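Coordinate inspection notes
Spelled out from the first residue to the last, the chains are:
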Amino acid sequence: MLFSILVSCSFVCFYFILLKIIYYRHSRTSWNKHLFELYRRKAGRSRTCENTARNEMCPWQSGHNNSLNEIRALLVTAHPDDECMFFAPTILRLLQLNASVNLLCLSSGNYYNQGVHRQRELRDSCAVLGIPASQVTIIDCKELPDDPKKEWNIHVISSLILKQVKASSINLVLTFDGRGVSGHANHIAIYRSLRYLASTGEIPDGCCVLSLQTVNVIRKYLSVLELPITWLCRSDVSFLIGSEEYKQAKRAMFCHRSQLLWFRHLYLLLSRYMFTNTFQVISQEEKDWKIY
């Protein structure tokens with residue numbers, strides 16, 4: 001009995017020491033180097049030429065500045081509150097590194113006829129996270145209703161994203177992956193739209209597209225205890241925040257008062273997406289990917 005207790009205590013101590021080591025290593029990561037390696041690999045295997053990758057995709061590499069102030073990121077979400085529930089670590093880390101972050105939300109969140117109120121909540125949330133109001137775009141159109149039972153039109157989404165990418169000279173797009181983190185059909189439709197744009201070559205040269213990795217439900221609700229698993233699993237780019245940024249992300253979520261049901265409080269406490277985001281590149285190699 002005593003031996004079992006000692007072994008258990010030793011394992012817990014080891015695990016928390018490992019957490020501290022991994023967090024320290026991640027918090028000291030040079031994020032511009034991380035993204036540079038991503039773009040370098042992308043340039044070597046896709047239609048984007050090396051000159052484009054060097055001169056357009058990695059302009060921050062031209063000097064010794066450790067910021068990412070040449071990154072013009074566009075986060076594409078489906079509903080108000082997606083930005084802080086799923087992407088807060090990404091937003092906060094990019095803004096800390098002086099990147100420009102734009103948000104394109106493709107619905108007003110009008111599922112319960114609260115669209116006007118939820119739009120205000122979204123703008124308040126973005127203000128807490130640090131995204132200027134001028135860089136927040138909310139789409140409210142009948143083709144893209146906030147409804148998991150309604151299939152969003154891929155071509156409508158594609159045209160809206162492409163318009164925003166060109167208008168703001170975006171060179172980094174981030175959104176959900178093919179499982180949509182929560183399995184929401186609207187999230188998945190955005191991924192399918194970006195896959196379509198990438199496969200047809202409509203994404204401008206110099207623009208990289210990343211999808212947020214969905215993890216299984218056990219990993220999803222392990223909070224920071226999941227970090228060693230993230231460290232061992234492959235991803236192209238990852239973002240990790242500390243306790244102060246976590247508090248900021250929570251304040252942003254509290255702006256969405258209409259959504260603060262009891263289980264959302266549990267989500268804020270237990271979800272690994274409140275602490276870390278991992279991304280994969282959406283490849284531009286698949287030319288035969290079609291939408292019917």
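Residues numbered from 1 in each chain as written. Predicted model: local features only at pLDDT ≥ 70, side-chain atom pairs only at ≥ 80, totals over all residues. Heavy atoms only, no water.

Let's shift gears to the environment of Trp152. As for its position among the elements, Trp152 is in the loop between β3 (136–138) and α7 (154–167). In this structure the C-alpha to C-alpha distance between Trp152 and Lys142, which are 10 residues apart in sequence, comes to 9.8 Å. For Trp152, the residues in contact, after removing those within four places along its chain, are Ala78, Leu106, Ser107, Glu143, Leu144, Pro145, Ile157, Asn186, Ala189 and Ile190. At a separation of 2.7 Å, a polar atom in the side chain of Trp152 contacts the main-chain carbonyl oxygen of Pro145. (Helix = DSSP H or I, 4+ residues; strand = E, 2+ residues; numbered from the N terminus. Contact = heavy atoms within 4.5 Å. Polar contact = N/O pair within 3.5 Å; in protein donor to acceptor, adjacent residues only side chain to side chain.)

What follows is about the confidence of the model for the chain. Should pLDDT be low for a region, the predicted coordinates there are not to be read in detail. Looking at the chain as a whole, its pLDDT mean stands at 82, while 73% of the residues score no less than 70. Predicted confidence in the chain is weakest over helix α3 (residues 50–57), with a mean pLDDT of 36, and strongest over β3, with 98. In this model, residues 42–67 is a region of pLDDT below 50 whose contacts with residues beyond four sequence positions or in other chains number 54 contacts. Scored below 50 in pLDDT, residues 286–292 shows 12 contacts in the model against residues more than four places distant or in partner chains. (pLDDT = per-residue confidence, 0-100.)

Take unusual backbone geometry next. Positioned with a positive phi, Asp81 is a non-glycine residue whose angle comes to about 100°. Summarising the element assignment, Asp81 is placed in the loop between β1 (72–77) and α4 (82–85). A residue is classified by how much of its surface remains accessible, and Asp81, at 5% relative accessible area, is buried. Its identity as a non-glycine residue notwithstanding, Asn113 has a phi of 60°, on the positive side. Tracing the chain through its elements places Asn113 in the loop between β2 (100–105) and α6 (115–129). Classification of Asn113 as exposed rests on a relative accessible area of 69%. (Buried < 20%, exposed > 50% of the residue type's maximum accessible area, 1.4 Å probe, protein only.)

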